[in-house]
Structures are given as C-alpha cells and as structure tokens.
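# Structure assessment
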Amino acid sequence: MSEGMTPAPVPSRADAPGQHDHAATAGKALEAMTAQEETFSSNFELDDVGKLQADAATGRILRVNAAFARTLGHPPEAMIGRSAWDFTHIDDRATHQTGLASLLAGEIQVFLRELRQLRHDGTPVWVRASATLARDPTTGMPQWILGTIEDIDARRQAETTLAENEARLRLAMEAADLGVWEFDFERMTGRLDLRGAAMTGGIFPEKEWIAFDDPRLAAFAANVHPEDRKRHEALRHSLLQGTGDRLGAEFRMRRPDGGWSWISVSGAVVERAPTTGAPRRAVTIVQDVTARIEAEATLRGYAGLLEREVDEHTRRLADRDARLRAIFEAQFQFIGLLAPDGTLLEANAAALAFIGRRAEDVVGRPFWETEWWTGDPAQQSRLREAVRRAAAGSFIRYEVILAGADGQEAVFDFSLKPVRDRTTGAVTLLIPEGRALSDLRAMERRVAKSEARLRRMIEHLPETITVARAGVDGFVLEFVNAAAERLLGRPRAELISRRFAELFAPTLAQEAEAHARACLHSRAPVRYEATRDYAGSHVEMDIVVVPLDDADSAEPLVLFSARDVTAARRMQERLVHGERMQALGQLAGGMAHDFNGILQTIAGAASLMERSTGDPARLQRLVRMISEAAERGSAVTSRLLAFSRRGEIAAGQVDVAAVLQSLQDVLRHTLGRQIALQVDTPGGLPMLRTDKGQLEVVLVNLAANARDAMPEGGTLTLTASAGSIAPGDAMLAPGPYLRIAVTDTGHGMDATTLARATEPFFTTKPEDKGTGLGLSMAREFAEQQGGVLRLESALGHGTSVTLWLPCGETTGEVPTACESAGTVTARAGRVLLVDNDPLTLETLAIALESAEYEVTLATSGPAALERLGVSGNVDVLITDLAMPGMDGLALIQAARQRDPGLPAVLLSDYAGASLRRAVRTAGDGTILVLRKPVPANRLCDAVAVLLPGRAPMPEHPS
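Thresholds, definitions, all that
Residues numbered from 1 in each chain as written. Predicted model: local features only at pLDDT ≥ 70, side-chain atom pairs only at ≥ 80, totals over all residues. Heavy atoms only, no water. Core = buried A, V, L, I, M, F, W, Y, C linked by side-chain atoms within 4.5 Å. Buried < 20%, exposed > 50% of the residue type's maximum accessible area, 1.4 Å probe, protein only. Helix = DSSP H or I, 4+ residues; strand = E, 2+ residues; numbered from the N terminus. Contact = heavy atoms within 4.5 Å. Phe/Tyr/Trp six-rings, centres within 6.5 Å; stacked < 30°, edge-to-face > 60°. Expected span 1.5 Å × (residues − 1). Arc of directions from axis to C-beta. Pairing = 2+ DSSP bridges. Axes fitted to C-alpha atoms, helices over the stretch in contact; angles between N-to-C directions. UniProt positions renumbered as here; feature names shortened; annotations may be inferred.

### Remarks on the nonpolar core
Membership of the largest hydrophobic core comes to 38 residues, with the highest contact counts inside it found for L667, L695, L699, L716 and I740. Looking at this core, the elements that each hand over two or more residues are α20 (656-671), β23 (675-680), α21 (692-708), β25 (714-725), β26 (735-744), α23 (774-784), β27 (788-793) and β28 (799-811). With sequence-adjacent residues up to four places away left out, L699 is seen in contact with V659, L660, L663, I740 and V742. Grouped together as the second largest cluster of nonpolar side chains are 29 residues, V362, W372, A386 and Y398 included.

Next up, the structure:
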C-alpha cells in the first residue's frame, strides 16, 4: 500500500439498513487502493532515480529498485533485509543516523544530505540522499521510510580538483611576498593589497577602491624621483588609458627616511570588452627591487635576463582561479609548483621565457630534466637531492648559476619550500623559486616593523577595537585590543575564537550580527548607537562596523570600532536642562507680573474689608474679588508646575487650541511690549496625543527665539490647523496631522544658517545669550511624536517654524477634572487637621468648624500622631503632602498602623498620576487627593463623603 493510503472502514452489522451499499463502497475503495499500490510499485521499480524502502522500526531494507542497486553495484537481493547503515561510509554514519532519527521524531519532514555510500567493492561514492517517512494513517506511528540517492561523485571530485588548483596558486603568491595593484576601468578605480599599500609610503590604505582622479595620486607622483617621472607618467598614462596588454616600469620612490627605493611595476590587462576591445580590468605586481638594481650596477651584463612576459589572459577578473593565475604569471621571479616526487606541475611565464620554452614542453617532466638544469649534470644531481629533502619537510635554499635560452648566465637565489596538508601534515607540494640576486630580507624587515607598529597603535587606542569573522554559525572574534578586554571584563584568551552568541546576551549578539551582515552586504561602513551594561556600569556606545575582506571572501572579516559616549551624552543632557531652565526663567518673569497683580487684588480687598464691616454688600463683593484672585493664582501655579516638569510627564489627549490660548498671558509678559502676539486657532481642531508640558516648553522656546529675532519689535503669530499626509511622503507616514506654526516678522536667516539651524548647539547668538538647543529640541520633540519640524526663512522676511504632529485617537474638548456632584450635607465628625503653615492651618480649621466638624490641629507629622493617641478616635485625617520630615503620605500610613482604615484627605499643589498611583498603593480607596488651593465647601464635602457609612469618592483633583 502506498504512502498516505489507508484501508477503507468495513461496515458492521449495526450499519443496516443500507448494509449492501456500504459493502459495495468498501469494495470499490479496496480496489482503488490496490490499483494505487500497483502503480506505486511500478513507478518505484521503473524510476531512473535510485529508490529504497526500509522498515521504520528496524531500519532493515524492504526493497530497492534497479537504479539504486546499479548506483552501488550490489545485486538487489543482496541488499534486502540488511541495515541501511551497512552501505554508508563509516565517517558519515553518525550524520546519517542523526538525520533519520530527527525524521522519525517528527522534527523534520524531509531528510536531505550529501554523504558517501559504499559500492560492492568497498570504494566510496558520493551521493545526494533524501528520505521521507510514511506513517500509519490510523495510529500516526512510523511505518516505513522511502529513500532516494543521486550519484554526485563526479561533481564532488571536480570541486576538490578546483579547490586544489586555487590553493596551489594562492600558496605560490604568498610565497612570492609581492604587492598587488588591481584596476577596474569600468568603475575608473583601483586598489592595493597590504604589501602594495605599504610601498606607497602610507599614501593609500589597503583594499580601498581609489578613483583615478583622487588627489592623493598627485601626492604619490610627487614622491617619484625627478629623473624617473617621465617613465612613471608614461606607465600611469598607459595604465589609465588601457593601451597595450602588458605594462612594466621601474622607478625610484622617496622613502619616509628621505632615501630612495627602486620600485618595479609589471602587469597586464586581464579582461577586455569582447566587442570593442576596451580594457575592463588589469592586474599589476609591485616589488621593492632596490637590492637587485644595486647588484645590477656591477652585473650589467645580466640586465637583459630579467625581462618578463605575462601570457595569461582571463575571461573575468572576478573568477578567482583566473585572477590568481594572472598574478602568478606577472611575477619577475621564477616560480613554479612541483609534486613531492619532483614532477613539474606549473611554471610562470618569466621562468618559461628564460629557457625559451612553453608550458606544455616542460610540465609533467621531472624538474631536474627540464631545460633549466640539463646543461650541468652536477646541478641536476644536487637538485634531485634537494627535492628529496624538501619532500621530507626541509626548506632548501642555495645560490645557483643557470644559463638561459640565449646562452647568458645568471646567478639566482634558489629555494624549495614544502607545503603541508593542514589536516595530515604530509607534504603535498613543493614551491621552487628563483630570485635574481634580489635580497628581499630588508623589505621583509620593514614590513614586519610596519605591522608591529600598527598592532601597537591599535592595542593602545582608547576605542574598543574588535575583529570578527563571519562563519556558518555566526560571527567569531578573531582579535580584540586592550580597550575591548577592559570593557568586556574578560582576558583575551577567553574572547578569541568565541562566537558572539557565547559572549553576549541574545539581543546584543543578534543586533551586532545584523549590523555586521548589513556592512558586508553593502560593502560600506555601518554606524549605529547602542546601550550596554558592562561590569555593572551603564555605557552608551557609538559603534562603526567596517568590512575588511573582499566581497567574494568565503569567511569575510569585519572590524568593530566602539567609542564610549556616555560622558558626552550626560553633558548634552545638562545643556538641554540649562536651556529648559533658561526658558523657565523667561516664563517666571511673566508669572511674577501675574502674581503681583493677584497679590495687589488680595491685599487691597483685605484692607477694604477691614473698613467695610458695616456694608454687607460691599463686603461680599470684596470676598468675591479675593476668591477670584486666588483662582487666578492657582491657574498660574498650575502652568508654572507643568512647565517646570514637576507636573506629570506622560502622553495624553491635548487640546492644542486651549494650550495656545493659555500661553497668551505668559508670552505677552515674556515677549515685551514691542512685540504683538496673535493666536489663530479655528474651532473643531482634532486632539493631539502628546505630553502637554513638553509641548509648552517647545512653544515657549520657539517664542523666545522669535523675540530675539525681532530686537526692534514686530509680530509673533501662533497658529494651529488640521492637515493630512498622503502615501508616498518621504518624511511622514500617511494620516491626519495637526500643524502648529510659530511665525515672526524678524530679520530671518540666510541659506547657510537655515541649513544648520536645527543642529544641536548651533547658534548665531552671543556666547552668553543661548545654547543653540531651542530648535534642535523642537525637532527632536516632533520626531519623537512621529512628526517632523519644517523651517522656512529668508533674510528680511522673517521665519516660520511648523510642527507637523500626528493627531490623537479622539477629537473634541479636553476632559476636565471631575467636579463634585453637588454639595454633600455636613455631618458631625472629628477631624485631625495637619499643615506646617499656620495661616493655612487656621483658614482650613475655620472652614471645617463652620461646617460643624470638631477639629484638632497639628503642625507636623509626629505632632499629629501624638494628637491621634491623645484625642482617641478620629473620623477623618486631613494632611498637607509637602511637610518637613514626615510628609503627608507617610503620616497617613503611620496613622493607619494605629487606626486601620482611617479615611484621609491629602492636600497637594501637585496631583499628577504618579501621586495617585502612590495613594492607591498605600490606601484602599478611602484616601482622597485634593489640589491646593482647595475651596472650603469642596473640603467639607470631601470630609462628609469619607465619614463612616459613605461610599469612597473617586480619586480626581478638584
């Protein structure tokens, strides 16, 4: 029965009536399943793909098709009943068994691996194996496994051969110790490797693509010896124009110590456009040949022996094999590759040109029988012994005289370098190299010294420097400097070769790896900011991620440079706070004027009341004046507290029209008499979900900026209007918005100032007149709300600052604090009244006594607790919140330890949400919060509500 097929249910006698119909249906289902089974078996046997069916419980093979048996070379009957592991290579059995275990456990739906199977003669064959599981449709238990195999042995062998060729060429280049310059004519750029960059005297960095018109090229040309500049310029012109297939020149370059070094440059155009023949890519090899040039001064007869030809043409520079071969062929040194038995595998163009032979003339022959050595039997014998010793693992080096095709002899520094297999340690290649009296040891010492200097510099940088390699399982640390050790709090030995996931919390590791992948994808530095907790300290970091390797590198490196900006952030916060305090000072001036008027009203009315005791009507009018003045004072303090941020800082529904209207009185005094203030707020504006206090701070700061821009006076206009953004806007998400504009008629800004106006700390004011944070704070506020700040200005035409802010979820008027639902009838009760201000204490006591409450007074928390113990039962406790020593909330808690459930009224000039949360935590619904100043009738009503037998009152400020 095929996978997924289940027997049809057999009807019972209880199924009657209709029993015969059911039986007929079951019979048809059985016939259908039998047909499907036959079809499955036929397809199984005839399929060109090797297939196997095995028992899920035992792993024993039930049947194989002909293609499966043909792939492994076993007769089908010899495989039936045996375990599938019997035909799996021993090194792959664990992987095979683990994958099938996951399949049986339901962790995966399909098992898919590339592994080795064993043929009948025991030789391995690479196959792509897959397996699926068939389950019993009734019980859900595994029944059998259907597996397939596909012969991929030829492909795997081809991949192995390609990797070996690439490794040979790469090792040859590393052994040559030369610099490489690459040029991309389509992008008009070039770049240098580490050695090539070092030869420029530090003018160009390693692996950075440099444009052909980069001004640093002029600095490089200036370091060329005056006698060699024409030759250098001709090389540069030929290279940039792409003329000719081969390029070569030698010239002197000034060293940092003032001396001169001979630099040899040779290369070739390795890729041209197929239709126009225009050059696309070129590769040049650079080498410090100072020692050789000096030797040639005494050996002029050998000058012609150092000619070099590059015969390598590649289809694409991106092809790694072709690029490495081009570099290999471009060397001045003679270099090749030998098998351990001395058979010649490769020889570069310079070596072949020396003997006048082609590669096919010498490759495959014993090295000592080639034309380089056949002229001298003694040299041949010495070379055979050198090959034997090098194949045993020794490095061989000696000087030898060889004759070229033209009969001229040359002295070479000849060496044989063994190359070992990284896994087995066995010698797999020999690299013969001949350098024509070029002593490169001085250059090697300079390179090593440069590398050591660079490492010391990185090690002592204050920035945290780490280098990570991208691997299959994530990024792995390759290098950390001393600053990174200190920051991470772990020695270097515990950090190197560890994955990010092993060193950092999951979220931190994922964030760092995401930025590293973005850096590698874009091939450009990525900069971001992050907050970390290291060794118990909160650290803010400015991090830059830089790619270090080519885009085609299998495991590319990235560099993380992290700078601690915690102190700078704290300094910025202090400057922002200073800006806020400056705005608060401006606001306080207007408040002082308002309070002087209020105090004048109260003092004048009180004086008149003393002389008006006989005139009740006049006395009532004066009392009303004092009450209205007190309400004005309460409104002023509310605005002042909200602005100074003592009020609650939380987003809510804000009526912008009401905010602009409420700021008029404050701004009129702040702006002065020379500036006219206009407020335009049409009706029906939508609500704004924001922090009201922050919005007021931003508007006052913008108004202060406008005032400073109109020293001779002018007009400041505050407007609010509704708007919307359609999809496709580059700055804002689509939806409804509220526009708040602050417009002045001042001197305006030029284009340069306008471009920088919103930068933090940028200001055109004198040093003691501002911090330059007003507009930047406004921009940050708008962006935090999901909006944007737009600035328009021109010299002589004033400035307009518009805040585009997303609307809230509702519209209409801002809901006011809940009012008392009528006057509550007074009840007899005992009240303990606590306030450290004698005048407040006396005023509130008179009001409570007038409502027929029995009042006990205390001027502090401890004194109230004493009264509570002496006077016996107290029905309601009324206390001020802000008192020296024990505050009102602490007093209520202490009193309730003596008298649990004691109702209380808490008086405070601050009644925000955080205070109400604290009250809910400390009480059980029988604590009311009233904002000062509180009217006498409101206080009496609150006491009446709290008296025993009355329901708790909602916690809303009056």
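### Brief notes about the packing of aromatic side chains
Taken as a whole, this structure holds 13 aromatic pairs when the rule is applied. Ring centres 5.6 Å apart and planes at 75° place the aromatic pair F367 and W373 in the edge-to-face group. The two residues F367 and W373 agree in class, both being buried. With a centroid separation of 5.7 Å and 70° between ring planes, the pair formed by F500 and F504 is classed as edge-to-face. Judged by its relative accessible area of 22%, F504 is partly exposed.

### Details of helix α4 (residues 93-104)
Helical periodicity: at 3.6 residues per turn, an α-helix aligns residues three or four positions apart in one direction. Along its 12 residues, α4 runs 16 Å from first to last C-alpha, staying within 8% of the 16 Å computed at 1.5 Å per residue. Of all the residues in α4, the buried ones are H96, G99, L100, S102 and L103. For α4, the angular spread of the buried residues around the axis is 155°, confining them to a single face. Check the buried side of α4 and you find it contacts β3 (110-118) and β4 (124-135).

### Some details on the sheet that holds strand β30 (residues 854-858)
Across the sheet, which stays open at both edges, the five strands sit in the order β30-β29-β31-β32-β33 with parallel pairing between neighbours. Two strands close off the open sheet at either side, each with one partner strand: β30 and β33 (927-931). Within this sheet the neighbouring strands show an average axis-to-axis angle of 20°, counted without direction. Summarising the sheet, strand β29 (residues 830-834) and strand β31 (residues 876-880) pair through four bridges and their orientation is parallel. Within β31, the position partnered with L833 by the bridge is I878. Sheet strands touched by helix α26 (residues 888-898): β29, β31, β32 (904-908) and β33. Its angle to β31, the strand with the most contacts, is close to 155°.

### Remarks on the sheet that holds β3
Sheet architecture is open: five strands sit in the order β2-β1-β5-β4-β3, paired in antiparallel fashion. Single-partner strands in this sheet number two, and they are β2 (61-64) and β3. Across the sheet, the mean angle from the axis of one strand to that of its neighbour is 25°, orientation sign disregarded. Of the pairings in the sheet, the one linking β4 to strand β5 (residues 142-151) comprises nine bridges and is antiparallel in character. Among the inter-strand pairings, A129 is bridged to a residue of β5, identified as I149. Helix-sheet contacts for α4 involve β3, β4 and β5, and the interaxial angle to β3 is about 155°.

### Looking at the UniProt feature "modified residue: 4-aspartylphosphate" (unreviewed entry) in the protein chain
Under the UniProt annotation, the feature "modified residue: 4-aspartylphosphate" (unreviewed entry) is placed at D880. As for its placement among the helices and strands, D880 is situated in strand β31. Relative accessible area serves as the criterion here: at 5%, D880 is assigned to the buried category. The residues touching D880, leaving out its near neighbours within four places in the chain, are V834, D835, N836, G888, L906, L907, S908 and K932.

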